[in-house]
Amino acid sequence: MPRPRNTPSPDSAPAPRILLPAALPAPDKDPFDIDQVFRLLRGATAGLPKAAMFDLRDQGYASPFEQLVAALISARTRDETTIPVCHRLFARARRPEAMAELPEAELVGLLHGATFPEPKARDILALSRQIAAAGAVPDTMEGLQALRGVGPKIAALTLGVGFGKPAISVDIHVHRITNRWGYVAASTPERTMQALLAALPERYWVEINERLVPFGKFVCTGERPRCSSCALQRQCRQVGVTSHR
Ligand code: SF4
């Protein structure tokens, strides 16, 4: 049967356009405005406990070496544990030369409570020796990731919080929340970091981790986020949220 005029053949039909959820019109939502989102985030997190690295920075443990070691300790360790472990360790050694001199067994004991204390102790000793030999903590992502035990998240935290250089550290909170907003659509933290590097204004690269860690722990939680009382509800597309409080 002849096809009616103006009806495209299956082969010539245009491919469906895929829009990021943030770009879709939503009658009960405001346009997504990243500056407004950060203004709201600052208010929403003002009374919450700070993320460990930022808390330690504000307590005076702000040097690149202290931030690097603290970031390594914080991997898969709760902030409530990371902070006292860092206090105990930095009371013993705060510079790479002194840290490199610690006996491994003593360092393991100082890391008690953190996850994986034995491998972390070996990593801290190795990178302390590398930095002591080089004379300074590297100040690039590549240089930091060349140190033993240092991946992109630790390197970005060290650069951002320790050196004050623009870098995005994507942990599980940053990954989950920016995807729920519909600001990015990425399946892994690594892909979220690439998407944020392209989309997020540089002035927010360090702050996004500072805001979203407490926000993710207390508001936009992994299970049943607190959408009903969330300050970002009109901005957030709530992508993938099937039940909430
Ligand atoms: S509205 Fe819900 S999903 Fe969106 S940021 Fe707030 S708590 Fe998270």
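Residues numbered from 1 in each chain as written. Predicted model: local features only at pLDDT ≥ 70, side-chain atom pairs only at ≥ 80, totals over all residues.

Colleague: Please clarify how the overall build of the chain should be interpreted in this entry.
Modeller: Along the backbone of the chain there are 12 helices and zero strands. Mapped in sequence order, the helices and strands of the chain form the string α-α-α-α-α-α-α-α-α-α-α-α. In the chain, which comprises 245 residues, the share counted as buried stands at 38%. Look at the contacts in the chain between residues 6 or more apart in sequence, and 60% of them connect residues 24 or more apart. (Helix = DSSP H or I, 4+ residues; strand = E, 2+ residues; numbered from the N terminus. Buried ≥ 20, exposed ≤ 12 C-beta atoms within 10 Å, placed from the backbone. Contact = placed C-beta atoms within 7 Å.)

Colleague: Mind showing me how you'd approach the nonpolar core here?
Modeller: Within soluble globular proteins, side chains that are nonpolar generally end up buried alongside one another. Met53, Ala70, Leu72, Ile73, Cys86 and Leu111 are the most contacted members of the largest nonpolar core, which has 61 residues in total. Of the residues forming this core, the biggest block, seven residues, is contributed by helix 3 (residues 64–74). The residues touching Met53, leaving out its near neighbours within four places in the chain, are Gln67, Ala70, Ala71, Ser74, Leu157 and Val161. (Core = buried A, V, L, I, M, F, W, Y, C linked by C-beta atoms within 7 Å.)

Colleague: Before we go on, may I ask you to explain helix 1 (residues 34–45) in this structure?
Modeller: Residues three or four positions apart in an α-helix share a direction because the helix packs 3.6 residues into each turn. Here helix 1 is 12 residues long and its end C-alpha atoms lie 16 Å apart, about the 16 Å a rise of 1.5 Å per residue gives. Of the positions making up helix 1, those classed as buried are Val37, Leu40, Leu41 and Thr45. The buried residues of helix 1 occupy an angular sector of 120° when the element is viewed end-on, so they sit on one face. Exposed positions of helix 1 whose direction lies more than 90 degrees from the buried face are Asp35, Arg39 and Gly43. Turning to helix 1, the residues buried within the fold contact helix 12 (207–218). (Expected span 1.5 Å × (residues − 1). Arc of directions from axis to C-beta.)

Colleague: What is the right way to look at the site of the ligand in this model?
Modeller: The environment of the ligand is made up of 14 residues, and the closest members are Cys220, Pro225, Cys227, Cys230 and Cys236. Tallied by class, residues from the shell around the ligand come to nine nonpolar, three polar and two charged. (Near = placed C-beta within 6 Å. Nonpolar A, V, L, I, M, F, W, Y, C, P; charged D, E, K, R; others polar.)

Colleague: Just checking my understanding: could you explain the packing of helix 3 against helix 9 (residues 152–162) for this structure?
Modeller: Axes are the key here: two packed helices are described by the angle between their axes and the distance separating the axes. Where helix 3 contacts helix 9, the axes come no closer than 9 Å and their chain directions differ by 145°. Two packed elements cross with a definite hand, and for helix 3 against helix 9 that hand is right-handed. Along its contact with helix 3, which presents Pro64, Gln67, Leu68, Ala71 and Leu72, the element helix 9 presents Ile154, Leu157, Thr158, Val161 and Gly162. Within the contact of helix 3 with helix 9, the residues separate by chemical class into seven nonpolar, three polar and no charged. (Axes fitted to C-alpha atoms, helices over the stretch in contact; angles between N-to-C directions. Left-handed = near helix turned anticlockwise from the far one by under 90°.)

Colleague: Can you walk me through the environment of His175 in this structure?
Modeller: As for its position among the elements, His175 is in helix 10 (residues 172–181). Excluding its chain neighbours within four sequence positions, the residues that come into contact with His175 are Val170, Pro189 and Thr192.

Colleague: How should unusual backbone geometry be read in this particular structure?
Modeller: Excluding glycine, residues mostly have negative phi values, and the peptide bonds linking residues are mostly trans. A positive phi angle, close to 60°, is found at Arg76, a residue other than glycine. One can find Arg76 in the loop between helix 3 and helix 4 (79–92). Within the chain, Phe116 stands out as a residue other than glycine whose phi angle is a positive 50°. Residue placement: Phe116 occurs in the loop between helix 6 (104–110) and helix 7 (117–134).

Colleague: I would appreciate a short explanation of helix 9 in the present structure.
Modeller: Of all 11 residues in helix 9, 10 are buried, a share of seventy percent or more. All of the buried residues along helix 9 are Lys153, Ile154, Ala155, Ala156, Leu157, Thr158, Leu159, Gly160, Val161 and Gly162. Check the buried side of helix 9 and you find it contacts helix 2 (52–58), helix 3 and helix 8 (141–145). Once helix 9 ends, the next one or two residues include Gly164, with phi positive near 70°.

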